[in-house]
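# Reading the structure
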Amino acid sequence: MSETPESRIKRLKMRSMRRGIKEMDIILSAYADDHLSDMSEAQISLYDALLEENDQDLYSWVTGQTTPPERFAAMLSQIAKTFQN
């Protein structure tokens, strides 16, 4: 059975807030709450793929310690801005 858009957003919000590293829980939960419902299907798929990445890598990318993969760069920049606000 196919996942409904509402179920997918709910699943991604849960995955955003239960990461393993508390800092990433806070950062990604805020981003998911603010942006998921307004994202296109392609953006949601990209965010879903981003959540598959390792928390240490995500934290390093969001904080600017290392350069993220190109496909995630724009989204990670937006995530960093959400966290800074």
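A few points on the structure. All values reported here derive from a predicted model rather than from experimental measurement.

## Description of the side chain of D55
Relative to the assigned elements, D55 resides in helix α4 (residues 55–62). We classify D55 as buried; its relative accessible area is 7%. A distance of 2.7 Å separates the side chain of D55 from the side chain of R19, its partner in a polar contact. Reaching out from D55, the side chain makes a polar contact with the backbone nitrogen of I21 at a distance of 3.2 Å. Other than its neighbours up to four places away in sequence, D55 contacts R19, G20, I21 and M24.

## Some details on the packing of aromatic side chains
Summed over all chains, the structure comprises two aromatic pairs. Ring geometry for Y31 and Y47: centres 5.6 Å apart, planes at 40 degrees, overall tilted. With Y31 in helix α2 (residues 22–35) and Y47 in helix α3 (residues 41–50), this residue pair connects regions lying 16 residues apart in the sequence. Residues Y31 and Y47 agree in their burial class; the two are buried.

## Looking at α4
When α4 is considered as a whole, its buried residues turn out to be D55, L58, S60, W61 and V62. For α4, the N-terminal capping position is held by N54, with its side-chain oxygen 2.7 Å away from the main-chain nitrogen of Q56. A positive phi of about 80 degrees marks G64, the residue just after α4.

## A word on the packing of α2 against α4
For the pair α2 and α4, interaxial distance at closest approach is 10 Å and the crossing angle is 60 degrees. Relative to α4, α2 is oriented oblique. The way α2 lies across α4 gives a crossing that is left-handed. On α4, the residues that touch E23, M24, I27 and L28 of α2 are D55, L58, Y59 and V62. Across the contact of α2 with α4, the residue classes tally to six nonpolar, no polar and two charged.

## Quick word on the packing of helix α1 (residues 5–17) against α2
The N-to-C vectors of α1 and α2 enclose an angle of 155 degrees; their axes lie 7 Å apart at closest approach. Regarding the angle of α1 to α2, the classification is roughly antiparallel. Contact with α1, carried on its side by K13, S16 and M17, involves M24, D25, L28, S29, A32 and D33 of α2 and no other residues of that element. Of the residues in the contact of α1 with α2, the class split is four nonpolar, two polar and three charged.

The rules we used
- Residues numbered from 1 in each chain as written.
- Predicted model: local features only at pLDDT ≥ 70, side-chain atom pairs only at ≥ 80, totals over all residues.
- Heavy atoms only, no water.
- Helix = DSSP H or I, 4+ residues; strand = E, 2+ residues; numbered from the N terminus.
- Buried < 20%, exposed > 50% of the residue type's maximum accessible area, 1.4 Å probe, protein only.
- Polar contact = N/O pair within 3.5 Å; in protein donor to acceptor, adjacent residues only side chain to side chain.
- Contact = heavy atoms within 4.5 Å.
- Phe/Tyr/Trp six-rings, centres within 6.5 Å; stacked < 30°, edge-to-face > 60°.
- Axes fitted to C-alpha atoms, helices over the stretch in contact; angles between N-to-C directions.
- Parallel < 35°, antiparallel > 145°, perpendicular 65-115°, else oblique.
- Left-handed = near helix turned anticlockwise from the far one by under 90°.
- Nonpolar A, V, L, I, M, F, W, Y, C, P; charged D, E, K, R; others polar.

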